[in-house]
Amino acid sequence: MGRFSKLFLNKPDVAVKIYIVVPVDEASSLLDELVRRSILEPLPAGDVRREVEKLEARLEIAGRTEKIVQELSSRLRSVVEVEVKELPWDLDEGLMKLHNELQETMRIVKALEEESSRLEGNLEKLVALRMLLAKAIEAHSTNIILDYEGSLVAVKTLYGPAEDLKKLEEKSLETLMKVEAQPGKLVIQVVFERKTYDELRDEISQFEVGVKALGSHDAGELMALVEKQVDDLGRRVEEVRDKIGSIVASKAYEIALAKIIAEDVLSKIGILREARESKYLTVIAGWTLKSKLPEVERIVRERKGALIAEDAPDPPVEFNNLKPFKPFELFTEIMGYPSPHEWDPTPLLTYLYLVFFSLMFPDVGYAIGLIIGSRLVLPYFVENKETLSKLVKIATFAGITGIITGVLSGSFFGSLLGRYISAYIPPVLPSLPPRLAALEDIGRAILSYIGLALMVGYFTVLLAHAVGFYKNIVFRNKVGIGSEAIIITLMLFAPPAIKTVLGFNVDVLGLLKLLPGDICVKIALSLLVAYAVFRSLVDKPFGALLWIFDVLGVMADTLSFVRIAGIAIGSAIMAELLNSLIASTTSALAGASIVAFVVGFVMAISLHIVNLGLSSISPFVHSLRLIMYEVSSKFYEGSGRRITPAGVKARVVKIGTPVK
């Protein structure tokens, strides 16, 4: 979402786990510098040792994985280009999974290669035998004995290295045939004396071609049998080779991914092994924010160290908002810190909080009093300076928006000074008649404000569900997408359907101008049925009941915004009652104008300050409730952890006695 996201739904500043390898004599000063700058959350010594041991285990797995990758890559029949778009979030788990998967693939490949080697050895012997038979046929030998064991002699057909076979020839009675099958290898037909054969049986068996199964002594028939076996074995060898190639090719993506991760691990954390084996180096481990990483790298380089940074599962976070939104991080903090994978809703909640507060607090005088009073009163109740500063800024922003809505409603201590605003700026927001003089106007103002509050509630709840819908799209939650889509569509068609059936004028979007009322009713009922079926299917067995609470929950969330009208009207009525009291008192002193003015002024200040104190708490609490339950609960989880860097805050201490 880029820079634009900082104005609505921001991303938190996520921490990375870092390992610093530094000379022992520089470690102390490096830690002092990082603590002074509050940019490192160090891990305890025991955790550091365990983390380094984990990294060493990862190094070992990465080394083994790299060897497997090299072995499998060498078995690819051609160069394969693989596009790796993203790495697994948990690199340790991803590397281990890839290692185990490729190791199993390598086991299967080696088993097939052993079978292929065995088949190729048999094929080589058969080819050599075929050459021997070809020579026999060429010499017009129609009957040939390839294997015979009698009481006096034994005939054997052997194939193997020339040097080994020549030694056996020297011990034989006669060599019947000899053919050089390939450079350095011979196939021979020799006759041994039976006694000599028995003595050399084990040695001779290593070179036997294995022709007993052929049976026939006819050279032509033997040649046909051998030719058939050569063809069959050749096909089997090719099938096994093709199978090996297809298995390796099917793992091309895993091989490429494992290559990237293994090389990355070996290049990044290989230095840790040196640190563990050296008495001159030490390791410091901890968390630092990504925004602070360049600063940490600079400090480490200055001390002749090396830094390894990696994304780790469930890292801590820190808020990353623009300066105007920082005070309102206090509200988000109440609900929990954002996790590394979700948005920080502080900017959006800031806007909504100020809107809700200003609608509950539409009075220029009270808003100014809030700004001033927050600076005077809050220090007595809030000791933490950081929290105090945030609350004062929140009150200031709320007061400014209250001044705006006060002008729009023509209220400045009610009608006490508000009538002068109304004389120049016609009220835009509903306002009470001065001193509650006209009952009809009071009722009209109350109903108008309730309508305004419900309209604000409707669009706010719709916005909250729209954000939830967008979040589910981003995180590919199909169930969430379907649920939010139906709820949002139902919220669009329910108001015109209610107006058609019950006659209440709640068609805020004016859909009845575009569609007939009966069509809107049918669509709304269809959506209700669709949502009931949807929840029943995805949330067994309670989905058949829970859908009712979801639908009623949307209505309850919207009606909850009536509190805006109640608090605003209640404070306004109280202000007008005080104005009536002030007016009646000053009227009784009409004969003494100066006394009447002083008494009226004192009464106005004191009574409206009391009302300010009473009426400023409710908008604060109820605006907070609305953004927590009616808004953020639709899309915000707040399951993250805030980073807690070690640091020392500088303090100014005055000592000595001033010179008089």
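The structure contained in this document is the topic of the report that follows. Please read these numbers as outputs of a predicted model, since none were measured by experiment.

**Focus: unusual backbone geometry**
The general pattern is negative phi for most residues beyond glycine and trans for most peptide bonds. Look at K304: it is not a glycine, yet its phi comes out positive at around 60 degrees. As for its placement among the helices and strands, K304 is situated in the loop between α8 (293-302) and β8 (306-310). Backbone geometry at F413 places phi at a positive 55 degrees, although glycine is not the residue there. By the element assignment, F413 lies in the loop between α12 (385-409) and α13 (415-424).

**Thoughts on the packing of helix α18 (residues 562-588) against helix α19 (residues 593-631)**
Helix packing geometry: the angle between the two helix axes and the distance between the axes. Where α18 contacts α19, the two axes come as close as 10 Å, and the packing angle between them is 175 degrees. What the angle tells us is that α18 and α19 run roughly antiparallel. Residue composition of the contact of α18 with α19, grouped by class: 14 nonpolar, 10 polar and 2 charged.

**Describing the sheet that holds strand β4 (residues 153-161)**
One open sheet holds the 4 strands; their spatial order is β3-β4-β6-β5, and the pairing between them is antiparallel. The sheet is open, and its two edges are formed by β3 (148-149) and β5 (174-182), each paired on a single side. With 2 bridges connecting them, β3 and β4 associate as antiparallel partners. Counterpart to Y148 in the pairing with β4 is V155. Together, β4, β5 and β6 (185-193) form the strand contacts of helix α3 (residues 91-138), whose direction differs from that of β5 by roughly 125 degrees. Here helix α4 (residues 162-170) sits on the sheet in contact with β4, β5 and β6, set at roughly 160 degrees to β4.

**Remarks on the pattern of salt bridges**
With the rule as written, the count across this model stands at 36 salt bridges. With a closest N to O distance of 2.9 Å, E33 and R36 form a salt bridge. Remark: R36 and E33 occur in helix α1 (residues 24-37); sequence separation between them is 3 residues, near one turn of the helix. On the basis of relative accessibility, which here comes to 13%, the residue E33 falls in the buried class.

The rules behind each value
- Residues numbered from 1 in each chain as written.
- Predicted model: local features only at pLDDT ≥ 70, side-chain atom pairs only at ≥ 80, totals over all residues.
- Heavy atoms only, no water.
- Helix = DSSP H or I, 4+ residues; strand = E, 2+ residues; numbered from the N terminus.
- Axes fitted to C-alpha atoms, helices over the stretch in contact; angles between N-to-C directions.
- Parallel < 35°, antiparallel > 145°, perpendicular 65-115°, else oblique.
- Nonpolar A, V, L, I, M, F, W, Y, C, P; charged D, E, K, R; others polar.
- Pairing = 2+ DSSP bridges.
- Contact = heavy atoms within 4.5 Å.
- Salt bridge = Lys/Arg side-chain N within 4 Å of Asp/Glu carboxyl O.
- Buried < 20%, exposed > 50% of the residue type's maximum accessible area, 1.4 Å probe, protein only.

So far we have only geometry, and geometry alone does not tell us how the molecule works.
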